[in-house]
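# Summary of structural features
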Amino acid sequence: MKISGKVVVYNHDNISTDQIIPGPYAYIKDMKEMAEHCLEGADRTLRERFRTVGNILVAGSNFGCGSSREYAVIVLKESGVQAVVIKSAARIWYRNSVNLGLPVIFCKTLPDTIREGEEIEIDLASGTIRETATGMIHKGEAPSEFVMNMYKEGGIKPLMRKRVLGELPDR
Amino acid sequence: MAMHAVHKIMAAAAGKEQVRPGEIITAKIDLVGINDVYQIVMQSFQEMLGEKVWDPGKVYIFLDHNAPASDLKVAQAHKIFREFAQEQGCHLVDINEGIGHNLLPEWGLARPGSMIAITDSHTPIHGAYGAFAAGLGATDIAAVLIDGSTWLKVPEVVNIRLNGKLQKNVMAKDAALYVLGQLGTEFGTYKVIEFSGPVVEDMSMEERTVLTVMATEMGAKTTYIKPDKTTIDDVKNHTNAPFVVHETDPDFVYETEYEFDLTNLKPQVAIPHSVDNARNVEDVAGIPINQVFIGSCTGGKLTDIAAAAEFLDGKKIPPSMRLVVTMATKQIVKESIEKGYYQILLDAGATITSPGCGACSGLLGGIIAGQERCVSTANRNFPGRMGGSLEAEVYLASPLTAAQTAVSGKLTCPGQTGLEE
Ligand code: SF4
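If you're wondering where the values come from, they're calculated on a predicted model, not measured in any experiment. (Residues numbered from 1 in each chain as written. Chains lettered and ligands numbered in written order. Predicted model: local features only at pLDDT ≥ 70, side-chain atom pairs only at ≥ 80, totals over all residues. Heavy atoms only, no water.)

## Quick word on the overall build of chain A
Secondary structure summary: chain A contains eight helices and seven strands in total. In terms of overall dimensions, chain A is globule-like: its C-alpha atoms have a radius of gyration of 16 Å, near the 16 Å expected for 171 residues. Principal axes of the C-alpha set define a box for chain A whose edges measure 50 × 40 × 25 Å. Buried positions account for 58% of the 171 residues belonging to chain A. Of all intrachain contacts in chain A linking residues separated by at least 6 positions in sequence, the fraction that spans at least 24 positions is 63%. Within the structure as shown, chain A displays about 6800 Å² of accessible surface, and the carbon and sulfur contribution to it stands at 48%. (Helix = DSSP H or I, 4+ residues; strand = E, 2+ residues; numbered from the N terminus. Rg over C-alpha atoms; globule rule 2.2 N^0.38 Å. Buried < 20%, exposed > 50% of the residue type's maximum accessible area, 1.4 Å probe, protein only. Contact = heavy atoms within 4.5 Å. Areas by Shrake-Rupley, 256 points an atom, 1.4 Å probe, with all protein chains shown as cover.)

## Some thoughts on the overall build of chain B
A tally of regular secondary structure across chain B gives 15 helices and 18 strands. The C-alpha radius of gyration computed for chain B amounts to 21 Å, which stays within 12% of the reference 22 Å derived for 421 residues, consistent with globular compactness. On the principal axes, the C-alpha backbone points of chain B span a range of 65 × 55 × 40 Å. Taking the intrachain contacts of chain B between residues at least 6 apart in sequence as the baseline, contacts between residues at least 24 apart amount to 75%. Of the roughly 14600 Å² that chain B leaves accessible, carbon and sulfur atoms contribute 49%. Side-chain charges in chain B split into 34 positive and 50 negative, and the spacing between the mean points of these groups amounts to 1 Å. (Lys, Arg positive; Asp, Glu negative; His and termini not counted. Charge placed at Lys NZ, Arg CZ, Asp CG, Glu CD.)

## Some points on the sheet that holds strand β4 (residues 104-106) of chain A
All names here are of chain A. Pairing within the open sheet is mixed, and its seven strands lie in the order β4-β3-β2-β1-β5-β6-β7. If you trace the sheet from one side to the other, it starts and ends with β4 and β7 (137-139), each paired once. Across the sheet, the axes of successive neighbouring strands diverge by a mean angle of 30°, strand direction being ignored. With four bridges joining them, strand β2 (residues 56-59) and strand β3 (residues 83-86) adopt parallel strand pairing. For Ile 56, the partnering residue across the bridge sits in β3 and is Ala 83. (Pairing = 2+ DSSP bridges. Axes fitted to C-alpha atoms, helices over the stretch in contact; angles between N-to-C directions.)

## Looking at the site of the ligand
Residues and elements named next belong to chain B. The full set of residues close to the ligand is His 65, Ile 99, His 101, Asp 120, His 122, Ser 296, Cys 297, Cys 357, Cys 360, Ser 361, Asn 379 and Arg 385. Grouping the amino acids of the shell around the ligand by side-chain chemistry returns four nonpolar, six polar and two charged. Here the shell around the ligand spans two domains, since at least three of its residues come from each of domain 1 (5-241 + 248-259) and domain 2 (269-408). (Near = heavy atom within 4 Å. Nonpolar A, V, L, I, M, F, W, Y, C, P; charged D, E, K, R; others polar. Domains from an automatic or database assignment.)

## Details of the sheet that holds strand β3 (residues 59-62) of chain B
All names here are of chain B. With respect to topology, five strands assemble into an open sheet ordered β4-β3-β2-β5-β6, the strand pairing being parallel. If you trace the sheet from one side to the other, it starts and ends with β4 (91-93) and β6 (132-135), each paired once. The sheet shows a mean angle of 20° between the axes of neighbouring strands, direction not considered. Along the sheet, helix α5 (residues 138-147) contacts β2 (31-35), β3 and β5 (115-118); its crossing angle with β2, the most-contacted strand, is approximately 140°.

## Quick notes on the interface of chain A and chain B
Every contact between the two is made by 45 residues of chain A and, on the other side, 49 residues of chain B. Of the roughly 4000 Å² buried between chain A and chain B on both sides combined, carbon and sulfur atoms contribute 57%. Area buried by chain A at its contact with chain B is led by A:Tyr27, A:Arg91 and A:Arg171, which between them contribute 24% of it. On inspection of chain A and its partner chain B, the count reaches three salt bridges. Ionic pairing is found between A:Arg95 and B:Asp140, a salt bridge with its closest N-O pair at 2.4 Å. Elements represented by at least two residues in the side of chain A that touches chain B include exactly α1 (17-20), α2 (31-35), α4 (71-78), α5 (91-99), α7 (145-153) and α8 (156-164) of chain A. (Buried area = accessible area lost by both parts, 1.4 Å probe. Salt bridge = Lys/Arg side-chain N within 4 Å of Asp/Glu carboxyl O.)

## Some thoughts on the layout of surface pockets
Over the atoms, a rolling probe the size of a water molecule traces out where space has been left empty. One number sums up the size of the largest pocket: a volume of about 700 Å³. Taken together, 31 residues make up the lining of the largest pocket; nearest its centre are A:Tyr94, A:Phe106, A:Glu141, B:Lys153 and B:Tyr190. Those elements giving two or more residues to the lining of the largest pocket turn out to be α5 and β4 of chain A together with β7 (149-153) of chain B. In terms of residue count, the dominant contributor to the lining of the largest pocket is α5(A) (three residues). Taken together, the residues of the lining of the largest pocket sort by class into 14 nonpolar, five polar and twelve charged. The calculated volume of the second largest pocket comes to roughly 370 Å³. Looking at the second largest pocket, it is lined by 20 residues, and the ones nearest its centre are B:Pro105, B:Glu106, B:Tyr129, B:Glu206 and B:His238. Elements represented by at least two residues in the lining of the second largest pocket include exactly α4 (100-106), α8 (205-214), α9 (229-238) and α13 (330-339) of chain B. Element by element, the count of residues in the lining of the second largest pocket is highest for α4(B), at four residues. (1 Å grid on protein atoms, 1.4 Å probe; cavity = no way out; pocket = protein on both sides within 12 Å on 5 of 7 lines; lining within 4 Å. Points joined across faces, edges and corners; volume = space filled by probe spheres on them.)

What follows is the structure, encoded as structure tokens:
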């Protein structure tokens, strides 16, 4: 699986789910409407940049710390984010991204060097990222087999549907 | 292979003899919780073609984060939850009861050996009772509702040994903030954080849960405190249900071990905007504060209310200060009334809101404005946490520090009220 696109860079650490989607918005039922507040607690321009600049988010370490709200993955997807490259993630946010099929690559080097708007190509299976302009290669962490499988299935929802329909064995 | 008690709990839940760190297992869950922020659970459940919850007796819906409903959207969400609970026959814990995390031990549902999964990041709190307890996302939980299972990666275990003895005016919250200050917010990511040592053994169950709930801010997947007499007595006081205490093998090797001597520990405060910005309160004392919040699953338990009330007895907060108190559960409200704490707090000038999460999650009952500062006994001080203003500042501290700050109107170290004058 390969994903390419231009990056939106917000290279800060400890971006909490409260910043990705502030608590009071969690009761909005329509996800499109909720996504209008995507990353509002960090930088209000980011959401617009996903439209005008690029669809790969690059950020720092411990991304998605704090509350378990899955909305913190959904609003990124709803804002058009196709993949996320970060130094590290908080556990529940990462787990939610896997379950919802949003590809995440952990890479220590790229966030510090890449510039907003540059194009990259991610090879998910190997965890490598290539900067299109310079050809520079960044070695990220390859997702586990389990996680790759989840990406291929499109997340836990299609998987569970297959189980319910008897197309897959019970767990 | 030597196993940790948590690994044994996971192995039992997966129907296996043994499990190894890094391995992915499918585990059976004993208790599933859903809180009122996540109506999306029910939507995901339907999208995954779920019809009947696999075992409604094991499912608890907690209307605790925004209780009673603060606006129309929340009221609609609560309505949907009530209908779902009714239709499925699962437990509805309505707006009058309090915070799910504190209700589980009151109801004897946090027990050694049990597997607990809740749509809430502070679920690791129940490791204080020797349970495996992890927070899961909403869709994850919806999948559990279908077949009672979930995928789990078997975590490594780190041990935090707390030696020495806490001095007067130093509470479990200070110990937790100190550990965060020393080790940061990431050292426990994906891991089990075990707390051990004389300081922990000395603590009541309520105090132990302060350590385990704060472990969420250390990144923990779950936590563990070896069940001892204090644990067993507490659990048996609340339930007759059987439970299994697994023992860690004597030759088990922790991934990392940390040791701290807390005998000289002074009261701590985490200054904005990160939980690991810990300082001695005395080093930053004197900062003017607009509001003190005593509440949450971390700092709204009976011991916290008692500590605050004992100090506030006969005192009054100044007109420049607001003191918002939100007790964690209905039971705590009742006991506070019986013991006279409720009256003391009211007389001191407190605003007491209905039990639940209240201002902790910034949804209702004590939201702070931009450019305001709040000293809080809760567990997070991220930007925007207490209502959305990025210019608001939250300082995390113990209930004692909070109570003393409420009286002096500025951040104050317990035992040093007025010292900075
Ligand atoms: S009190 Fe705060 S931390 Fe605890 S469950 Fe409620 S919102 Fe979460």
